[in-house]
Amino acid sequence: MCGIIGIVSDKPVSINIINSLKKLEYRGYDSAGLATLSNNLIDEKKCSGRVEELEKILIKNPSNGNIGIGHVRWATHGIPNIINAHPHSSEKVSVVHNGIIENSDELKKDLEEKGFKFKSQTDTEVITVLVTQFLENSKPLESVFKTLKKLKGSFALGIIFKNFPDIIIGARRGSPLAVGYSNDENYLGSDSYALKSMTNKISYLDDGELCMLSKNKVDFYDLNQKKINKKIYTVSDDENTTDKGDYKNFMSKEIFEQSNTIKKCLSEYTDSLKKDINIYNFPIEPKKINKIILIGCGTAYHSCLVAKYWFEELTSIDTEIDIASEFRYRNLKFKTNNLYIFVSQSGETADTAAALDICKKNNVKTCSIVNVVESTIARNSDWVLPIHAGPEIGVASTKAFLGQLIVLYILSLKLSIEREDIDKKNYDTYVENLTKLPEAIKKTFKLESEVQLIAKEFLDAKGSMFLGRGNSFPIALEGALKLKELSYLHAEGYPAGEMKHGPLALIEEGLPVIVIAPKDKYYEKTLSNMQEVIARGGKIFFITDNYNRLLSTNIRFRLRVPRVDSNLSPILLTIPLQLLAYHVASLKNCDIDKPRNLAKSVTVE
Ligand code: M6R
């Protein structure tokens, strides 16, 4: 989950490294560093904390050098401090690494027995020591190949060599790595986003591949050290989406962008004239799909959970959901008429990518629902349905969640009509209902001032609970995830009907409990569960789309979202919960876009 950049040029590179690292900070932000080669020396500079600290160090003491590597870290081995920050350099090489070397302890022990000394607690330093050792008798390329043979685990690497000041070597196993091309300058990066301000011409390394960059040339090699050719992609320019404009942070921008991103997504997938959904080229003919298996992590997993309700409601297809980190290790029976759908904003999440690889190895059909269309998951799946949300920078996923929901809902509708599970009249109504969503989302934003009042009531709370039934249950999970992720307040999401089986013991006088209760078939049941909480002193915040008077008086606060087709209510009910998490975190002065201990793209297991 760290970010890597490498630049080889005919002019000094440190400023561009810093600029790229700022873009990569979404991958990790507990320490940063860079190394350039100048005057025949490795010039390494590191700091704990953010890239702006590194920038200050460079302003005081500039790094020259036309070749360099940089890194932002999300700590795995060793606490976030200067010593553990990357690059890790010896007198001959400097290395940046994303991923985990699983046999680092073993390798370190061997190397220490041979007399090598280690400075850090990281798994990465074994790579530095191994390459340095192999350089005694081998050229850089061969030394790196020899090193890779010894490594177990996942990695993306960038390496520079003191005695070979014209090359950067990159290697990939499990963690993403891209190469960018320009005139008299070439780049290595964890993703194309980091390289976008410098080039839109990108190649992606596949697992086991290695690249050697000089300023005028890039060579690629496969596992067997054979030279290979790679496709060059032209990556798209996303309009004004990487700037927070007048917003205080990316998260608030991304929340309030949602009416537009949903409008854009709908315009990509629906034909308003024909009242139809433009989804074609199913990898399995819809009537032949036996089962759908939806797989994701975190917020993306919650969108799979909502979709399960939709697929079951609207289609005759049996639907399962799985958390990618569980799916990848289970003893599953793969069937060729099952469709495996992977949901991921970044398209780089290691567990999701690994689960997809397992499906590929078992020759089953895969679909990915992603925001980043150039991502590993998108490139590796048979069928890609982009969510068209534009870059999501805030670590907490907001607009990507709603985008995932829309695409999943649209897919369930299209499958339903293709399989003749619903009739054309109902289908037309469902498609028509979708067009009302962007306006309804805008109206929901008007709840913000009320949400701000509610947020104050969470400040002194010891914890909180989020309850819902049916397709509001995953929204309860998502609301709780947003609150804990952003404000560090303990929050539990639960199916309201499960409370009496244990969690009710947590309810005590004044505990904030968010009850999500749209006027659907579960409404009355949810109200009964709410009464059980009220009877034990829970402080209720009630979110609904029911505008009728509610008889219960023991409700601290009511929020009403616009009433839409009940299939779509999860989309609107999410927004006040995003705003709640945002405002509680703001009141607590938390870092909204970069919550502690987290990273945007989780590229380690
Ligand atoms: O990029 P992905 O959608 O695959 O990421 C999955 C999760 O890591 C992500 O949704 C995470 O849970 C978010 N930080 C939640 O806001």
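Asks: Explanation requested: the overall build of the protein chain in the structure shown.
Replies: When helices and strands are tallied, the protein chain shows 19 helices and 27 strands. Relative to its length of 605 residues, the protein chain is compact, with a C-alpha radius of gyration of 25 Å against a globular reference of 25 Å. Over its C-alpha atoms, taken along the principal directions, the protein chain stretches across nearly 80 × 55 × 45 Å. Taking all contacts inside the protein chain whose residues are at least 6 apart in sequence as the whole, residues at least 24 apart take part in 71%. As presented, the protein chain carries roughly 24600 Å² of accessible surface, and 47% of it is formed by carbon and sulfur atoms. Of the charged side chains in the protein chain, 80 are positive and 76 negative, and the gap between their average positions amounts to 0 Å.

Asks: Explanation requested: the side chain of Asn 84 in the structure shown.
Replies: Along the chain, Asn 84 falls in the loop between strand E4 (67–73) and strand E5 (88–89). Among the polar contacts listed, one links the side chain of Asn 84 to the backbone oxygen of Ile 79, at a separation of 2.9 Å. With residues up to four places along the chain from it excluded, the contact list for Asn 84 reads Arg 73, Gly 78, Ile 79, Ser 120, Gln 121 and Thr 122.

Asks: What am I meant to see in the domain arrangement of the protein chain here?
Replies: Frequently, the measure chosen for interface size is the accessible area that the parts lose on association. The domain architecture assigned to the protein chain consists of domain 1 (3–235), domain 2 (256–435) and domain 3 (445–587). A C-alpha centroid distance of 35 Å is found between domain 1 and domain 2. With 10 residues of domain 1 at the interface, the matching set in domain 2 holds six residues. Where domain 1 abuts domain 2, roughly 810 Å² becomes buried across the two surfaces, and 55% of that area is made up of carbon and sulfur atoms. Where domain 1 packs against domain 2, one counts zero salt bridges. For the interface between domain 1 and domain 2, the tally reads zero residue pairs in polar contact (both at pLDDT 80 or more). Of the residues contributing to the side of domain 1 that touches domain 2, the split by class is seven nonpolar, one polar and two charged.

Asks: What's the story with the pairing of strand E24 (residues 491–495) in this structure? I'm lost.
Replies: Two elements, strand E23 (residues 464–468) and E24, share five bridges in a ladder whose sense is parallel. Within the sheet, the bridge partner assigned to Leu 467 lies in E24 and is Tyr 494. The parallel pair E23 and E24 is bridged by helix H17 (residues 473–487), and the resulting crossover is right-handed.

Asks: Would you explain the packing of helix H13 (residues 399–418) against helix H19 (residues 569–587) in this entry?
Replies: Geometrically, a packed helix pair is captured by the angle between its two axes and the distance between the axes. Remark: H13 packs on H19, axes separated minimally by 10 Å, with the N-to-C direction vectors making an angle of 175 degrees. Judged by the inter-axis angle, H13 sits roughly antiparallel to H19. Taken together, the residues of H19 that come into contact with H13 (itself represented by Phe 401, Leu 402, Leu 405 and Ile 406) are Ile 571, Thr 574 and Ile 575. Of the residues belonging to the contact of H13 with H19, the class tally is six nonpolar, one polar and no charged.

Asks: Can you walk me through the site of the ligand in this structure?
Replies: Among the 15 residues in the neighbourhood of the ligand, the closest are listed as Ser 344, Gln 345, Ser 346, Thr 349 and Glu 485. Contact between the ligand and Ser 346: an oxygen atom at 2.6 Å from a side-chain N or O atom of the residue. Contacts to the ligand include Ser 397, whose backbone N or O atom sits 2.8 Å from an oxygen atom. Surface burial for the ligand is 91%, taken as the share of its 410 Å² of free accessible area covered by protein chains. Elements with a minimum of two residues in the shell around the ligand: helix H9 (298–314) and H17.

Asks: Sorry if this is basic, but what is going on with the packing of aromatic side chains here?
Replies: Both the distance between ring centres and the angle between the ring planes are used here to describe each pair of aromatic rings. This model, assessed by the stated rule, comprises 12 aromatic pairs. Measuring from centroid to centroid gives 6.5 Å for Phe 327 and Phe 342, while their planes differ by 90 degrees, and the two rings are edge-to-face. On the criterion of sequence distance, the pair formed by Phe 327 in helix H10 (residues 324–327) and Phe 342 in strand E20 (residues 338–344) is long-range, its members being 15 residues apart. In this structure Phe 327 comes out as buried when scored by relative accessible area, which is 2%. Connected via pairs of aromatic rings, a cluster forms that spans Phe 327, Phe 334, Tyr 340 and Phe 342. A cation sits over an aromatic face here: Arg 379 above Tyr 204, 3.9 Å from the ring centre. The lysine or arginine in question, Arg 596, covers the ring of Tyr 488, its NZ or CZ lying 3.9 Å from the ring centre.

Asks: Help me out: how do you make sense of the sheet that holds E20 in this one?
Replies: Two orientations exist for strands paired in a sheet by backbone hydrogen bonds: parallel and antiparallel. In space, the five strands of this open sheet follow the order E19-E18-E20-E21-E22, with parallel pairing throughout. What marks the edges here is a single partner per strand, and that holds for strand E19 (318–323) and strand E22 (383–386). Looking at each pair of strands side by side, their axes are set apart by 20 degrees on average, direction ignored. Two elements, strand E21 (residues 365–370) and E22, share four bridges in a ladder whose sense is parallel.

Asks: Is there a simple way to explain the environment of Met 530 in this structure?
Replies: Inspection of the secondary structure puts Met 530 in helix H18 (residues 523–534). Residue class for Met 530 comes out buried when judged on its relative accessible area of 1%. Put simply, Met 530 and Met 499 are 31 residues apart on the chain and 9.6 Å apart in space, counted from C-alpha to C-alpha.

Asks: I keep staring at the side chain of Lys 230 and nothing clicks. Help me out?
Replies: Considering the arrangement of structural elements, one finds Lys 230 in the loop between strand E14 (227–228) and strand E15 (233–234). Engagement of the side chain of Lys 230 in a polar contact is seen with the backbone oxygen of Tyr 204, the distance being 3.2 Å. Of note is the side chain of Lys 230, whose polar atom sits 2.9 Å from the side chain of Asp 206. Residues within four places of Lys 230 in sequence aside, it is in contact with Ser 203, Tyr 204, Leu 205, Asp 206, Glu 209 and Phe 220.

Asks: Which parts of the structure should I look at to understand the sheet that holds strand E12 (residues 210–214)?
Replies: Across the sheet, which stays open at both edges, the seven strands sit in the order E5-E6-E7-E8-E12-E13-E14 with antiparallel pairing between neighbours. Of all the strands in the sheet, just E5 and E14 have a single pairing partner and so form its edges. Sheet topology note: the strand E7 (residues 153–161)/strand E8 (residues 164–173) ladder contains six bridges and is antiparallel. In the strand pairing of E8, Ala 156 is matched with Arg 172. Running at roughly 135 degrees to strand E6 (residues 93–101), helix H4 (residues 125–135) makes contact with E5, E6 and E7 of the sheet.

Criteria and thresholds
- Residues numbered from 1 in each chain as written.
- Predicted model: local features only at pLDDT ≥ 70, side-chain atom pairs only at ≥ 80, totals over all residues.
- Heavy atoms only, no water.
- Helix = DSSP H or I, 4+ residues; strand = E, 2+ residues; numbered from the N terminus.
- Rg over C-alpha atoms; globule rule 2.2 N^0.38 Å.
- Contact = heavy atoms within 4.5 Å.
- Areas by Shrake-Rupley, 256 points an atom, 1.4 Å probe, with all protein chains shown as cover.
- Lys, Arg positive; Asp, Glu negative; His and termini not counted.
- Charge placed at Lys NZ, Arg CZ, Asp CG, Glu CD.
- Polar contact = N/O pair within 3.5 Å; in protein donor to acceptor, adjacent residues only side chain to side chain.
- Domains from an automatic or database assignment.
- Buried area = accessible area lost by both parts, 1.4 Å probe.
- Salt bridge = Lys/Arg side-chain N within 4 Å of Asp/Glu carboxyl O.
- Nonpolar A, V, L, I, M, F, W, Y, C, P; charged D, E, K, R; others polar.
- Pairing = 2+ DSSP bridges.
- Right-handed = clockwise from strand over helix to strand, strands pointing away.
- Axes fitted to C-alpha atoms, helices over the stretch in contact; angles between N-to-C directions.
- Parallel < 35°, antiparallel > 145°, perpendicular 65-115°, else oblique.
- Near = heavy atom within 4 Å.
- Phe/Tyr/Trp six-rings, centres within 6.5 Å; stacked < 30°, edge-to-face > 60°.
- Buried < 20%, exposed > 50% of the residue type's maximum accessible area, 1.4 Å probe, protein only.
- Lys NZ or Arg CZ within 6 Å of the ring centre and 35° of its normal.

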